[in-house]
Structure formats: C-alpha cells, structure tokens
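Chain residues, written in single-letter form:
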Amino acid sequence: MGAEDGFYERIGRPGEGRFLATEATRGPWDAGAQHAGPPAALLGRAVEERPGARGDMRVARITYEILRPVPIGELTVAASVLRAGRGTELVEAALTPAGADAPVMLARALRIRVADEPVPEVAQGARVARPGEAAPSPFFPVPWETGYHSSMEARFTRGAFTEPGPATCWMRMRVPLVAGEAVRPLDRVLVAADSGNGIGAVLDIGRYVFVNGDLTVHLHRHPVGEWVCVEARTSVDPAGIGLADARLHDEKGPIGRGAQSLFVAAR
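None of these values were measured; they are calculated from a predicted model.

Pulling in residues and values, what's your account of the nonpolar core?
Counting residues in each nonpolar core, the largest one holds 56 residues, and the members touching the most others are Phe7 and Met105. Membership of the second largest hydrophobic core comes to five residues, among which are Ala201, Phe210, Ala244 and Leu262.

How would you summarise the side chain of Asn197 if you had to cite specific residues and measurements?
For Asn197, the position within the fold is in helix α4 (residues 196-199). Here Phe210 takes part through its backbone oxygen, which lies 3.1 Å from a polar atom of the side chain of Asn197.

I'd like a description of the side chain of Thr168, backed by residues and values.
Here Thr168 shows up in strand β8 (residues 163-173). Judged by its relative accessible area of 4%, Thr168 falls in the buried class. Each residue touching Thr168, except ones within four places of it in the same chain, is listed here: Val128, Arg155, Phe156, Thr157, Arg158, Ile199, Cys229, Val230 and Glu231.

So what's going on with the packing of helix α1 (residues 37-49) against helix α3 (residues 185-193)? Which residues, and what values?
One way to put it is that α1 packs onto α3 with a least axis distance of 7 Å and a crossing angle of 150 degrees. The two elements α1 and α3 meet at a crossing, and its hand is right-handed. Note on element contacts: α3 touches α1 through Leu186, Asp187, Leu190 and Val191, opposite Gly37, Pro38, Ala40, Ala41, Gly44, Arg45 and Glu48. Split into classes, the residues belonging to the contact of α1 with α3 amount to six nonpolar, two polar and three charged.

Outline empty space enclosed by the protein, supporting the account with residue identities and numerical values.
Inspection of the entire model under this criterion finds one cavity of 30 Å³ or more. Its boundaries defined by the atoms lining it, the largest cavity holds a volume of some 40 Å³. Forming the boundary of the largest cavity are Asn197, Ala201, Val202, Leu203, Phe210, Thr234, Val236 and Leu262. Looking at the lining of the largest cavity residue by residue, the classes come out as six nonpolar, two polar and no charged.

Tell me what's going on with the environment of Arg45, and back it up with residues and numbers.
Assignment of secondary structure puts Arg45 in helix α1. C-alpha of Arg45 to C-alpha of Lys252: the two residues are 207 residues apart in sequence and 23 Å apart in space. Excluding residues that lie within four positions of it along the chain, Arg45 makes contacts with Arg10, Leu177, Val178, Glu181, Ala182, Val183, Arg184 and Asp187.

Quick notes on the rules
- As a convention, each chain's residues are numbered from 1 in the sequence order in which they are written.
- Side-chain atom pairs in this predicted model are given and counted only at pLDDT of 80 or more, local residue features only at pLDDT of at least 70, and totals for whole chains, interfaces and linings cover all residues.
- With hydrogens and water stripped out, all remaining heavy atoms of the structure feed into the side-chain values.
- Take the buried Ala, Val, Leu, Ile, Met, Phe, Trp, Tyr and Cys residues and link them wherever side-chain atoms come within 4.5 Å; each set so joined is a nonpolar core.
- When accessible area is computed with a 1.4 Å probe and restricted to protein chains, residues below 20% of their type maximum are described as buried, those above 50% as exposed, and intermediate ones as partly exposed.
- Labels follow the DSSP assignment, with helices taken as runs of H or I lasting at least four residues and strands as runs of E lasting at least two, numbered in each case from the N terminus.
- Identification of polar contacts relies on pairs of N or O atoms within 3.5 Å, with a donor-acceptor requirement for protein atoms, meaning one able to donate a hydrogen and the other able to accept it, and with residues adjacent in sequence counted only if both atoms are side-chain atoms.
- Only heavy atoms matter for contacts: two residues are in contact if any of them lie within 4.5 Å across the pair.
- Only the contacting stretch of a helix is used when fitting its axis, a line to C-alpha atoms as for every element, and angles between N-to-C directions run 0 to 180 degrees.
- Handedness of each helix crossing follows the sense of rotation of the near helix against the far helix: counterclockwise by less than a right angle gives left-handed, clockwise gives right-handed.
- All residues other than Ala, Val, Leu, Ile, Met, Phe, Trp, Tyr, Cys, Pro, Asp, Glu, Lys and Arg, Gly among them, are scored as polar; the first ten of these are nonpolar and the last four charged.
- Site definitions follow a grid-based scheme: protein atoms alone, a 1 Å grid, a 1.4 Å probe that fits but cannot get out for cavities, and for pockets an open set with protein on both sides within 12 Å along at least five of seven lines, plus lining residues having an atom within 4 Å of a point.
- Grid points are joined across faces, edges and corners, and a volume is the space filled by probe spheres set on the points.

Right, here's the structure in full:
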C-alpha cells in the first residue's frame, strides 16, 4: 500500500470499521503519529456512513477531543446515536488503535434535517481571493519526505506557513481519504480544518509549541468543489492558553468556522 493511494486503506470485513493508516497521514512532529486532519475526516465519514444514517440530514457541527496522538497503523472506527429527534440528531464516533483498550480521538456531531422547502439564503462574510490567484506554497520544513505535508496542496493568498500572523490558505487533497473510494465534501473540509493553528500561527514554530487538544467545525452550508480555504488567526494569553479561530470557505463563498484550543509553551 503506497501513500499515494489514500490516507487510509479499508481492511477487514464490510461494516467492521477497520482501516490501515498510510504514510500520507504522518504529521510534522512525530514520525509515528498522524496529523489530526485525516483521522478527523475518518470520524466524520463514520458519522455519515453509520448504519441507518438518515439521508435528509447534514452535519452542522462536529467537535473532536484529541485524547492522545493518533498512531500510524491499524484503527477501528465506530459510531452510535446518542439522541435522535425529528429535526436533529447527535452522533458520537470513536477512533481506537488496534490493541488499545480506549479511544485516542472522539467526535460528537450534530446533524440537522434539511428543509423540505428552500428558505431565504443569508450569507455572512466576504469572499476571499480564489486559489487560482495564488501559487502553490511550501509547508514549513518537515524531517521526512512523505506525510500530510506532501498529501495536501496548499496555496496562500495571505501570509505563509513560515510567516507569523493571520493567514489565508486554500488546501486541496492530493489523495483520497480512503483508497479506491470517492472523496466526499465533508472529507475535504475536515482534513483541512485542523491546520488552522499552523496556518494562523503567531509564534515562532522553532521556539514554541502550540498544540490543539480539540477541534470544532460548524458548517452552515454543504461544501462544494475540491478546494477548502482556512482563513485563520490565533490569540495567545501569557498563561499559555490560545485559540486558533478560522473562517472556512469554498470557491462559492463562506461555509462555516473552525476553532481549536491551544496549549502554548516554550520548547
């Protein structure tokens, strides 16, 4: 299995929810750990794919708790309904490494029923420059050749990974989430959204760590197209607690927001 085939390979019998992570998921800090974007998307897919999932509902909000680093290897994903209603449902999904006795990442998703008849559209926020208006942008230096940094295309219309301060970056998956399977709109958003704290970093990455222990994504519109834009800015308190806040866009305009709580400390 090569990293160019997908972030994950589906293994085992149908319905088991077993996947094998490839090198494409590797994050920038630990050769044995995944970037949180791909497992976030895998949990989002589990929410949509669970048996009995209603086709008239969409994910409006999904919150992740990143309990421990997600290892590169075999994983099991399971989803269950916590609350089912006529217009909304709350679904929980868990990601557990093979041989582990507890999940390393949890997600809770609020799904809302799509209206039977169209309602007036109200769009908030200005559009950003399109990805075609920017050249491909390099990631900050990573000590290995293959990983999340090589599996995603990035184009900044403001700032850069190597420049501190608010920044705006379009991202596109170079590989599918699951090898041999079509990429879903939600996959594209969730794979990119966890990059907000890196895109909008305000501190020198060589001197400080700013690790997120969670991620919340709100979507008011279903995303379309291959590109997702993360327009991110970060605030940091002297106590070492930060917030990365991002507006999310596709090429039609704003689609929602992402937020990450940060642990900030000197290296």
